[in-house]
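Breakdown of the fold
The residues making up each chain are set out below.
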Amino acid sequence: MNDMRFDTVYPSVPESTHLRLEKALEEKTNMKTKKLIRPATVVVIALLLTLLIGGAAYAATQTGVLQYLLNGQEPPEQLRNMAQHMEYSAEADNIRVDLDSLVFDGDRLALSFTVENQKPDDMALVTLDGVYLEGDWIGMEFGSLENQWLPDIFRIDVAGAERNPVGGGCLARALEKQYTGVIQGEAVFTVQRPERPMVVCDPWMWYDYDAVFGIDENSNYGGKEDFSYRREQIQKAGLTVAHPFQMDARYWYQEGYTVVDASGQMLMEEEQNRYLVPEEFGAYPAYHQTAMYPTQMKQTAEIRIPFTLDTDAAREFRVDARMEFELPDCRVKVEKCALSPLSTLIELRLYPNENTPEAALALAERYGYPALLDENGSLVEFLEMEGEGNWNGASQDEDGNYYTEIDYAWGGMKVIPRELHFAFDRDEFPYQVPESPDPDLNRIFSEDVVIPLK
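Structural notes, computed from the coordinates. (Residues numbered from 1 in each chain as written. Predicted model: local features only at pLDDT ≥ 70, side-chain atom pairs only at ≥ 80, totals over all residues. Heavy atoms only, no water.)

1. Regarding the sheet that holds strand β8 (residues 166-172)
- Pairing within the open sheet is antiparallel, and its five strands lie in the order β1-β2-β3-β8-β6. Where the open sheet ends on each side, the last strands, each with one partner, are β1 (84-92) and β6 (140-143). The sheet shows a mean angle of 20° between the axes of neighbouring strands, taken without regard to direction.
- Pairing geometry for β1 and strand β2 (residues 95-104), over seven bridges, is antiparallel. By the bridge assignment, A90 is partnered in β2 with V97. (Pairing = 2+ DSSP bridges. Helix = DSSP H or I, 4+ residues; strand = E, 2+ residues; numbered from the N terminus. Axes fitted to C-alpha atoms, helices over the stretch in contact; angles between N-to-C directions.)

2. Re the sheet that holds strand β18 (residues 371-373)
- The three strands are arranged β18-β21-β22 in an open sheet whose pairing can be described as antiparallel. Of all the strands in the sheet, just β18 and β22 (451-452) have a single pairing partner and so form its edges.
- Bridging between β18 and strand β21 (residues 419-423) involves three bridges; their strand directions are antiparallel. Paired with L372 across the bridge in β21 is F422.

3. Let's talk about the nonpolar core
- Ranked by internal contacts, the top residues of the largest apolar core, which has 34 residues, are L109, L133, F189 and F307.
- Those elements that place two or more of their residues in this core are β1, β2, β3 (109-117), β4 (124-133), β8, β9 (182-194) and β13 (297-310).
- Formed by 32 residues, the second largest nonpolar core is a distinct cluster that contains L327, V332, I346 and F424. (Core = buried A, V, L, I, M, F, W, Y, C linked by side-chain atoms within 4.5 Å. Buried < 20%, exposed > 50% of the residue type's maximum accessible area, 1.4 Å probe, protein only.)

Spelled out as structure tokens, the structure:
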């Protein structure tokens with residue numbers, strides 16, 4: 001099969017298919033995303049693009065964790081000073097892992113690492129299974145090494161980009177426990193290998209990419225070369241490629257293959273194939289990030305890398321505030337306000353004057369999710385890091401009091417302001433804000449709820 005012409009053996013894609021594909025690609029290209037968690041694969045691609053474009057000069061100015069977190073931006077001096085360099089390595093089953101740097105601000109931990117398959121002819125699936133501090137499991141906000149094939153032959157990326165080794169990182173959720181002094185951490189990686197010969201079962205392996213993407217080399221889709229390079233890498237790896245007229249994953253599974261699509265995803269996870277595999281197929285055990293794929297993959301190694309962490313190194317860069325405010329309709333309790341060049345973690349609890357779930361729900365509708373302003377009334381500018389916001393309709397504390405909660409879990413601010421204000425009616429909001437039924441109360445909130453930071 002390796003001698004066949006993959007780009008000509010399959011009939012050209014119908015014109016209607018071209019148009020649908022082009023429309024989808026155009027929408028993806030023009031889409032503007034909110035400040036929400038980016039998929040891990042996007043972060044890895046951005047990191048590789050940064051290294052390709054910037055070269056060695058750029059790499060010399062930043063540690064790996066800052067490259068990972070900031071996606072090529074120049075880090076603020078304070079964030080640069082918070083980074084702790086590491087040189088920890090371990091290997092097993094021909095997989096080598098290097099931890100190179102971290103940032104810790106008292107609430108969140110970010111790590112970066114490089115992983116290499118030292119026997120690239122033997123495909124492996126590597127996962128950052130867990131991170132621990134003083135033996136405590138640390139939940140991840142996001143991470144880039146989940147079911148990572150090495151070599152990474154399945155990734156759509158700039159043609160010729162490095163696929164072995166690959167770099168990545170992770171960012172923890174806000175910790176529930178506070179640590180002091182120099183403590184011990186551990187990062188645990190798992191290695192899985194295919195139980196059976198691998199087959200790629202995907203029509204994308206046979207498409208005429210000239211027809212799909214057009215022949216314009218300056219197309220803003222930028223996809224033909226990348227897709228072609230991925231197909232070339234899969235072919236060079238010697239994997240079986242399913243014939244265009246035999247794309248039934250069940251057939252290949254029953255023939256004794258480990259079945260993936262052109263992106264490396266397990267096709268036996270699809271709903272129509274679930275009856276063929278064990279019930280726990282694709283499940284994640286509690287406190288683990290490694291998915292189980294019995295009959296398709298087997299775990300061949302666990303790589304545990306201990307590291308040390310100075311939890312006090314970033315104290316001088318961190319700002320904390322707690323206070324309460326009385327408004328006409330509620331009491332606003334700043335349950336948490338912890339700001340650093342790495343994190344913006346704010347938790348507001350709004351307690352209604354009437355202690356009922358209905359009153360708490362009314363507060364949620366009234367105030368929604370306000371934007372953050374500095375002392376000059378300007379929107380706070382964030383570093384382009386992953387983050388999320390949340391507001392809950394009605395909750396109840398341990399004393400039986402109902403409240404609604406507004407949470408901010410964002411990356412660091414470019415500059416931590418002297419005061420933090422809240423606003424509800426700005427045209428330049430970075431996210432959609434519903435119209436409030438009580439604009440006067442919104443105004444009072446904006447004027448009275450002010451958190452001094454410096």
